[in-house]
Amino acid sequence: MNTTVSSPPSADTRPALKFITCGSVDDGKSTLIGRLLVDSKAVLQDHLAGVQRQGETDLALLTDGLSAEREQGITIDVAYRYFNTETRKFIIGDAPGHEQYTRNMVTAASSADAAVVLVDATKLDWRNADLKLLAQTRRHSLLLKLLRVPSIVFAVNKLDAIEDPTLAFTHIRNALTEFAATAGLTVTATVPVSALKGWNVVEAAADAHWCSYSGPTLLDLLEHLPVTPADVSLPVSFPVQWVEKFSSSSDTSQGRRVFWGRVATGEMTVGQAVKVMPSGLSANVAQVLDHARNPKSVAAGHSAGIVLDREVDVSRGDWLLAAGGEGDTLTAERSIRATVAWLDDEPLVAGRVYWALHGHRWVKAKVQRIVHKLDIHTLAEEEATQLEPNAIGHIELALQEPLATRPFAESRALGALVLVDTASHKTSGALLVA
Amino acid sequence: MNARIDSAVLQPAEHHLSNAHLDALEEETIFILREVAAAFERPALLFSGGKDSLVMLRCAEKAFGVGRIPYPLLMIDTGHNFPEVTAFRDLRAGELQAELIVRNVEDSMRRGTVRLAHPDEPRNAHQSVTLLEAIEEFRFDALIGGARRDEEKARAKERIFSHRDSFGQWQPKAQRPELWTLFNTRLAPGEHFRVFPISNWTELDVWQYIERENIALPSLYYSHKRDVVDRRGLLVPVTELTPAKDGEKVENRDVRFRTLGDVTCTCPVESSAATPEQIVLETLTAEVSERGSTRMDDKTSDASMEKRKKDGYF
């Protein structure tokens, strides 16, 4: 095997950073990723050869893997790419910019630790100090905020094609800062880049003060962003994924049932008093199993098997919640209010019944009313009788069975649901409990 | 190995014990394997005896325990497998006390549902037909596979829970959004899911995990002597099914396989790596992708994998 390399990556010991690139169509997302991969020497020879046409390298072709994407020159669905630098392992979700495929951007964002929002300087009225950002820049930024993506970096791209890049960057950065302040968005950094030329992506720009910027390159930033921490500080919550009944086994008592699942928040400890939701029954944790050991406790983010000290009715879809203190304040309700990001081509209609999935439980959910729709330009709340594809709104749902939820702002696990169309079975909406 | 490589990288111990990221991958895989057990009525795990499916089996062993894997293992046999791999598959299934179902492309050929354009055509792509026949026979509603997103550009677009219509087709433009770990597993009659629990693993992760977990593999993955011919940069193994052509020079070289599929379209790479640790080092410095260096059948067109997946291929 050929092993000629100048700088081999070393494997990292930390969990990978999952980040997405998003923004409007043709803002250069695929090119940016191509640049990150090529300049950090993460592209293998045969892949690089595959994107060279008449001696020119088209970086976008590295990620646009579907024939329909190459035909149309747009990204339709998320491509996941993996690469290492000397210090870190990365998973990139290259999300499409086209409004029609916002659902795929939301897919990538829901599991991301960070997002790079690309802003195409050539599409903006950059000479104007009051310039207006593109709709998709706003929409994507709002979705990142709603989904609680922890780190957001704006990368202002194509500044190499602008005659006064310093003025353009200053004005665009100001517009982004103002929009972020209005929308309540925390921005980690705003970086001027040229994905095409490779400036400030992996290597610094040739001119050290290009656009009057002397901060870190995009890759420097990515190497230092935090991975989303598990919600260990919250009271324990545990969605029951699978119930296994042992007829006899050495690691559990005779006939005992084990409730498998992934600890969503807090830490599940032997002796913990739990309330089964939605039934409200009580029990104590007798044993905590994971796949290898028989530990005393298992923290959020890890899978565990829970054995309770008494026979209570527990099935897939139930939650085990900490009893006592804060955990007891959570009650199962038959209605919820939530922000919804609508992802289906069919509009959301008030009065219709959908399936809702919460943890591992499916319940029927009827849209009681659309409280308002968000105008993504002004952030104003408007009246609406339906939500068209890619709209963001606020709705009230009546549930066929009660659910114990928390606001998404407090708990991703207890506050997130998806809505599924009962006829087409399409995943139609992302619900974030208010 | 190349002398220019920083000697620090070649130190064995530290970078191999990269537990945090392997733990995270293992955790995700176990979660998905259990979700399939809970959410579907008739799932099966596609098992070829190759390294990716052996990694999945180790995770299944951790998720369920020996003798408790709650779904059968399914192998679609082209009849052109390396005998070492088939033997290994049977051995491992036995050790895990798992039910093993084998369905043969040759049976589909006898039934007339698979027609070859010419007798020595690779049968890899025809596995789709036999697979869909097996799905219908057993009414499987979910098939777990060991495909990884780092393998190929069409794979990079695949969801973890990937919906298939009643013709087994993948519809890349209409994939369901996949939010958080709330997997929409709803199906209409005749439809099924393909589920990929090791989507986020890379070739390097797989080898690091094999090393860490001490997973036994078919010997062909490690360096051995083999007669090969160099055909446009690929080392084609000389076998009964793939004889040397007139004028080709047969050489006996030190090789290993990075992937193991149908004999007629799988090539080894030159290597002296004889342990997982040595393969990890080679993988860290590889310049050609796993498929680029080993698969003849992916090279036909830029979109050959996508086309095959639309036809029901894994």
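What counts and how
- Each chain carries its own residue numbering, running from 1 in the written order of its sequence.
- Note on labels: chains are lettered from A, ligands numbered from 1, in written order.
- A pLDDT threshold of at least 70 governs which residues receive local features in this predicted model, and a stricter bar of 80 or more applies before side-chain atom pairs are shown or counted, although totals over entire chains, interfaces and linings include all residues.
- Where side-chain values are given, they derive from all heavy atoms of the structure, hydrogens and water being excluded.
- UniProt positions are given in the numbering used here, feature names are shortened, and annotations may be inferred rather than shown by experiment.
- The helix count covers DSSP runs of H or I at least four residues long, the strand count covers runs of E at least two residues long, and both are numbered beginning at the N terminus.
- Accessible area is worked out with a 1.4 Å probe on protein chains only. A residue is then buried under 20% of its type maximum, exposed over 50%, and partly exposed in between.
- Here a polar contact is recorded for every N or O atom pair within 3.5 Å, except that within protein the pair must consist of a potential hydrogen donor and a potential acceptor, and residues adjacent in sequence are included only if both atoms are side-chain atoms.
- When checking whether two residues touch, look at their non-hydrogen atoms; a contact exists if any pair is within 4.5 Å.
- DSSP bridges decide pairing: two strands pair if at least two such bridges lie between them.
- Every axis corresponds to a line fitted to the C-alpha atoms, with the helix fit spanning only the stretch in contact, and the corresponding angles, defined between N-to-C directions, vary from 0 to 180 degrees.
- In the sections that follow, a salt bridge refers to a side-chain nitrogen of Lys or Arg positioned within 4 Å of a carboxyl oxygen of Asp or Glu.
- What is meant by a nonpolar core is a set of buried Ala, Val, Leu, Ile, Met, Phe, Trp, Tyr and Cys residues, joined one to another through side-chain atoms within 4.5 Å.
- On a scale of 0 to 100, pLDDT captures the predictor's confidence in every residue.

- Per an unreviewed UniProt entry, chain B is named Sulfate adenylyltransferase subunit 2, and its organism is Hydrogenophaga crassostreae.
- Its UniProt record, at the heading Sequence similarities (unreviewed entry), says of chain B: "Belongs to the PAPS reductase family. CysD subfamily."

- An unreviewed UniProt entry lists chain A under the name sulfate adenylyltransferase, with Hydrogenophaga crassostreae given as the organism.

Concerning the side chain of B:Lys62
Turning to step 1, where the next piece is worked out: Positionally, B:Lys62 belongs in helix α3 (residues 51-64).
Turning to step 2, where the next piece is worked out: Judged by relative accessible area, B:Lys62 falls into the buried class, the value being 18%.
Turning to step 3, where the next piece is worked out: Within the structure, the side chain of B:Lys62 is placed 3.0 Å from the side chain of B:Glu213, a separation counted as a polar contact.
Turning to step 4, where the next piece is worked out: Apart from residues no more than four positions distant in its own chain, B:Lys62 is found in contact with A:His291, B:Glu26, B:Ile30, B:Arg34, B:Tyr209, B:Arg212 and B:Glu213.

What to know about the sheet that holds strand β10 (residues 242-245) of chain A
Residue and element names in this part refer to chain A.
Turning to step 1, where the next piece is worked out: With respect to topology, 7 strands assemble into an open sheet ordered β9-β17-β13-β14-β16-β11-β10, the strand pairing being antiparallel. The open sheet has two edge strands with one neighbour each: β9 (237-239) and β10. Between one strand axis and the next, the sheet turns by 35° as a mean value, whatever way the strands run.

Structural notes on the pattern of salt bridges
It is possible for side chains bearing opposite charge to pair when their charged atoms get close.
Residues and elements named next belong to chain B.
Turning to step 1, where the next piece is worked out: Taken as a whole and judged by the stated rule, the model has 41 salt bridges over all chains.
Turning to step 2, where the next piece is worked out: A salt bridge links arginine 253 to glutamate 251, with the nearest nitrogen and oxygen atoms 3.3 Å apart.
Turning to step 3, where the next piece is worked out: In this structure glutamate 251 comes out as partly exposed when scored by relative accessible area, which is 24%.
Turning to step 4, where the next piece is worked out: Bridged by salt links that share partners, the residues Asp23, Glu26, Arg58, Glu61, Lys62, Arg92, Glu95, Arg212 and Glu213 form one connected network.

Structural notes on the nonpolar core
Turning to step 1, where the next piece is worked out: Counting residues in hydrophobic clusters, the biggest one holds 89 residues, and the most contacted among them are A:Phe19, A:Leu144 and B:Trp180.
Turning to step 2, where the next piece is worked out: If one sorts the elements of this core by residue count, helix α6 (residues 165-183) of chain A sits on top with 8 residues.

Concerning the pairing of strand β18 (residues 332-342) of chain A
Residues and elements named next belong to chain A.
Turning to step 1, where the next piece is worked out: Where β18 and strand β24 (residues 392-404) come together, 9 bridges link them in antiparallel fashion. Looking at the pairing, alanine 338 lines up with isoleucine 395 of β24.
Turning to step 2, where the next piece is worked out: Taken together, the 5 bridges between β18 and strand β26 (residues 427-433) define a ladder with antiparallel strand orientation. Paired with tryptophan 342 across the strands is glycine 429, a residue of β26.

A look at the confidence of the model for chain A
Turning to step 1, where the next piece is worked out: Per-residue pLDDT for chain A averages 87, and the proportion of residues at 70 or more is 89%.
Turning to step 2, where the next piece is worked out: Long-range and interchain partners of residues 1-12 of chain A, a stretch whose pLDDT sits below 50, account for 45 contacts in this model, where long-range means more than four residues apart.

A few points about the pairing of strand β20 (residues 353-358) of chain A
All names here are of chain A.
Turning to step 1, where the next piece is worked out: Counting buried positions over the 6 residues of β20 gives 5, a clear majority of the element.
Turning to step 2, where the next piece is worked out: Here β20 pairs with strand β21 (residues 361-374) via 6 bridges, running antiparallel. For leucine 357, the partnering residue across the bridge sits in β21 and is tryptophan 362.
Turning to step 3, where the next piece is worked out: Hairpin connection, β20 to β21: the antiparallel pair is bridged by 2 residues, and glycine 359 has positive phi, about 60°.
Turning to step 4, where the next piece is worked out: Across 3 bridges, the pairing between β20 and strand β25 (residues 416-420) is antiparallel. When the bridges of β25 are listed, tryptophan 355 appears paired with valine 420.

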